[in-house]
Protein chains: 2
Amino acid sequence: MTDVTQEAHFCQACVVRSRAICADLDQDEIQVLNSIGRRRNLAAGEQLLWEGDEAIIVANVVRGVLKLSTQTSDGKEQILGLVYPSDFVGRPFGQITPYGVQALTEAEVCIFQRTDFDRFAREHPRLEHKLLERTLKELDRTRRWMLLLGRMTAEQKLASFLLETAERAEPSSLTMPLSRQQIADVLGLTIETVSRLFSKMKMEGLIDLQSRRQVAILRPAELAVRAG
Amino acid sequence: MTDVTQEAHFCQACVVRSRAICADLDQDEIQVLNSIGRRRNLAAGEQLLWEGDEAIIVANVVRGVLKLSTQTSDGKEQILGLVYPSDFVGRPFGQITPYGVQALTEAEVCIFQRTDFDRFAREHPRLEHKLLERTLKELDRTRRWMLLLGRMTAEQKLASFLLETAERAEPSSLTMPLSRQQIADVLGLTIETVSRLFSKMKMEGLIDLQSRRQVAILRPAELAVRAG
DNA sequence: CGGCGTCATTGATCTGCGTCAACGGCACCG
DNA sequence: CGGTGCCGTTGACGCAGATCAATGACGCCG
């Protein structure tokens, strides 16, 4: 077996193959894509891309959770997006990475040189179409988040966040990939406010906190009411 | 002359032709696109799309300014984006319009049935590519806006907004397409806070207010400092 | 097991912005 | 010209959430 076939084989066994942008590609195309990509493991906390750097690479997420984030000149952070397995990160067709990308958990990504990826994409309309649909969805999600940031109270923000996070995870008891500070950075709040709200919601029986990262949603309907 | 050629002729004379997503299309393609689109004038305040409706149409903006907006269950509005000539509006490849679209000024748009447009786009990779690049840029812009909404003070927000609006318009004296309330809805503030900040900035000599809609930026550098 | 560092919780206080209310200015219209 | 209505401005006040500060709960490592 050559290296390429080995890698192609690897690609076919890829756990996110059917959900990622590569889903529609045929056998030959996958092999080409494979030859320009490579796997990389990231430790929790490891930075994949730095805001403002040249946009050298793009990637598919295979395992783990990453965050996209930026900060104000005085250092306050805002998380712009969370990225889960099968999601795509990076800025194709752009010179500059407009936000930082960092692993929140141990993670695995499938990396491409941006220029290689751009060329491949332009030659494969089906891939570009997938990427377009994904980008449009991401834009919708981001705009919903804007409503949250601009017009919701702290309680509405946290309730919305918990419900959305729960959707991503297995039923009932969910393990938060985010620390309190990171949740605050997602919602445009401070860590103290987030912590107080967790305590309040626990006291009111909406949620249970088995440990700091283990949250159980006890009354989703009531939580939805709080989310507004 | 048939209707089609007339319309094709019309398209070539289009003022946004070179900047809109149709820019890369050749003569024949333009004619096809033309045959499935039509012009429409909108009065200031007229609604083009309603949030939550079926996504029936998409459009290019030819003239005027439109807003994309949504609201919380208790009626507070958040403007999600402003759309200028040559920009694209609507949700291709989606079932539901995720936000309302309303003309802020008298406007002219070039409308397509979404299903027609989707089909055309899938058959014309160059158009899809344009649309992808545009969507990626819009996503970048939207994410920068998230930082503003989540982490900036009222003054930083307004200063940023004024600078960005000035970029869009002719040098020096700019005519705001937005009312005070709409500016507040863009920035996630109240009309009173916006009004107070305008007064404060005028008093400090940063801007001049010739009339309610006429703003002149006197000290852009200082404004940039305030924007953070 | 104990000491240390990190993260989270909780309390006390402050403040930026929202809320409520009154007023002012400009356009429009009879 | 004066009335009417909308939009914007300004002031007084209150509160949600930020800030400042202390304490608590874990995990880690020697």
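One can find the structure itself at the top, above this paragraph.
The structure reproduced in this document is the subject of the present report. (Residues numbered from 1 in each chain as written. Chains lettered and ligands numbered in written order. Predicted model: local features only at pLDDT ≥ 70, side-chain atom pairs only at ≥ 80, totals over all residues. Heavy atoms only, no water.)

## A closer look at the sheet that holds strand E6 (residues 88-89) of chain A
Residues and elements named next belong to chain A. Taken in spatial order, the four strands line up as E1-E8-E3-E6 in an open sheet, and their pairing is antiparallel. Each of the sheet's edge strands pairs with one partner strand only, and the pair in question is strand E1 (37-42) and E6. Two elements, strand E3 (residues 57-63) and strand E8 (residues 107-113), share six bridges in a ladder whose sense is antiparallel. Looking at E8, one finds that Val-58 is bridged to Phe-112. (Pairing = 2+ DSSP bridges. Helix = DSSP H or I, 4+ residues; strand = E, 2+ residues; numbered from the N terminus.)

## Brief notes about the environment of Arg-114 of chain B
All names here are of chain B. Inspection of the secondary structure assignment puts Arg-114 in helix H3 (residues 114-123). Assessed through its relative accessible area of 10%, Arg-114 is described here as buried. Taking the C-alpha atoms as reference points, Arg-114 and Pro-92, separated by 22 residues in sequence, lie 6.2 Å from one another. Dropping the residues within four chain positions of it, Arg-114 is found in contact with Ala-55, Ile-56, Ile-57, Val-58, Arg-91, Pro-92, Phe-93, Gly-94 and Gln-95. (Buried < 20%, exposed > 50% of the residue type's maximum accessible area, 1.4 Å probe, protein only. Contact = heavy atoms within 4.5 Å.)

## Examining the relation of the copies chain B and chain A
Of the transformation superimposing chain B on chain A, the axial component is 0.0 Å and the angular component is 180 degrees, with the fit at an RMSD of 0.0 Å. Given the turn and translation reported, the copies of this chain are related as if by a two-fold rotation axis. Both copies contact each other with a shared surface, as 100% of the interface residues of chain B are interface residues in chain A too. (Least-squares fit on C-alpha atoms with pLDDT ≥ 70 in both.)

## Some points on the protein's contact with DNA strand D
With respect to spatial proximity, 17 residues lie near DNA strand D, and among them Ala-154 and Thr-193 of chain A together with Arg-180, Arg-196 and Ser-199 of chain B are the closest. Within 4 Å of the protein, the atoms of DNA strand D are drawn from sugar and phosphate moieties in a proportion of 66%. Between a base nitrogen of DNA strand D and a side-chain N or O atom of Glu-192 of chain A, the distance comes to 3.1 Å. Interatomic distance of 2.8 Å between a side-chain N/O atom of Arg-196 of chain A and a base oxygen of DNA strand D. Sorting the residues of the surface near DNA strand D by element identifies helix H7 (191-203) of chain A together with helix H6 (180-187) and helix H7 (191-203) of chain B as the ones contributing at least two each. Top contributing element to the surface near DNA strand D by residue count: H7 of chain B, with five residues. Here the surface near DNA strand D is composed, by residue class, of three nonpolar, eight polar and six charged. (Near = heavy atom within 4 Å. Polar contact = N/O pair within 3.5 Å; in protein donor to acceptor, adjacent residues only side chain to side chain. Nonpolar A, V, L, I, M, F, W, Y, C, P; charged D, E, K, R; others polar.)

## A word on the protein's contact with DNA strand C
The immediate surroundings of DNA strand C are formed by 17 residues, with Arg-180, Arg-196 and Ser-199 of chain A together with Ala-154 and Thr-193 of chain B found nearest. Sugar and phosphate atoms constitute 64% of the interface atoms of DNA strand C, taking the interface as everything within 4 Å of the protein. A distance of 2.7 Å is found between a phosphate oxygen of DNA strand C and a side-chain nitrogen or oxygen belonging to Arg-180 of chain A. In this structure, Ser-195 of chain A approaches DNA strand C through a side-chain N or O atom, which is 2.8 Å from a phosphate oxygen. Listing elements by their share of the surface near DNA strand C, those giving two or more residues are helix H6 (180-187) and H7 of chain A together with H7 of chain B. Of the residues belonging to the surface near DNA strand C, the class tally is three nonpolar, eight polar and six charged.

## Quick word on the sheet that holds strand E5 (residues 77-83) of chain B
Residues and elements named next belong to chain B. Spatial strand order, E2-E7-E4-E5: four strands in an open sheet with antiparallel pairing. Two strands bound the open sheet, and with one partner strand each, they are strand E2 (47-49) and E5. Averaged over neighbouring strand pairs, the angle between their axes works out to 30 degrees when direction is ignored. Across four bridges, the pairing between strand E4 (residues 66-71) and strand E7 (residues 100-103) is antiparallel. Paired with Leu-68 across the two strands is Val-101, which belongs to E7. (Axes fitted to C-alpha atoms, helices over the stretch in contact; angles between N-to-C directions.)

## Points about the pattern of salt bridges
All chains considered together, the criterion is met by 38 salt bridges over all chains. Here Glu-138 of chain B makes a salt bridge to Arg-143 of chain A, at a shortest N to O gap of 3.2 Å. One end of the pair, Glu-138 of chain B, is in helix H4 (residues 125-151); the other, Arg-143 of chain A, is in helix H4 (residues 125-151), on a second chain. Residue classification places Arg-143 of chain A among the buried positions, given a relative accessible area of 5%. Arg-114 of chain B is the salt-bridge partner of Asp-118 of chain B, the closest N and O atoms lying 2.6 Å from each other. Of this pair, Asp-118 of chain B and Arg-114 of chain B both sit in helix H3, four residues apart, which is roughly one turn of the helix. Neither Asp-118 of chain B nor Arg-114 of chain B differs from the other in exposure class; each is buried. Each of Glu-155, Lys-200, Glu-204, Glu-222 and Arg-226 of chain A takes part in one network of salt bridges that share partners. (Salt bridge = Lys/Arg side-chain N within 4 Å of Asp/Glu carboxyl O.)

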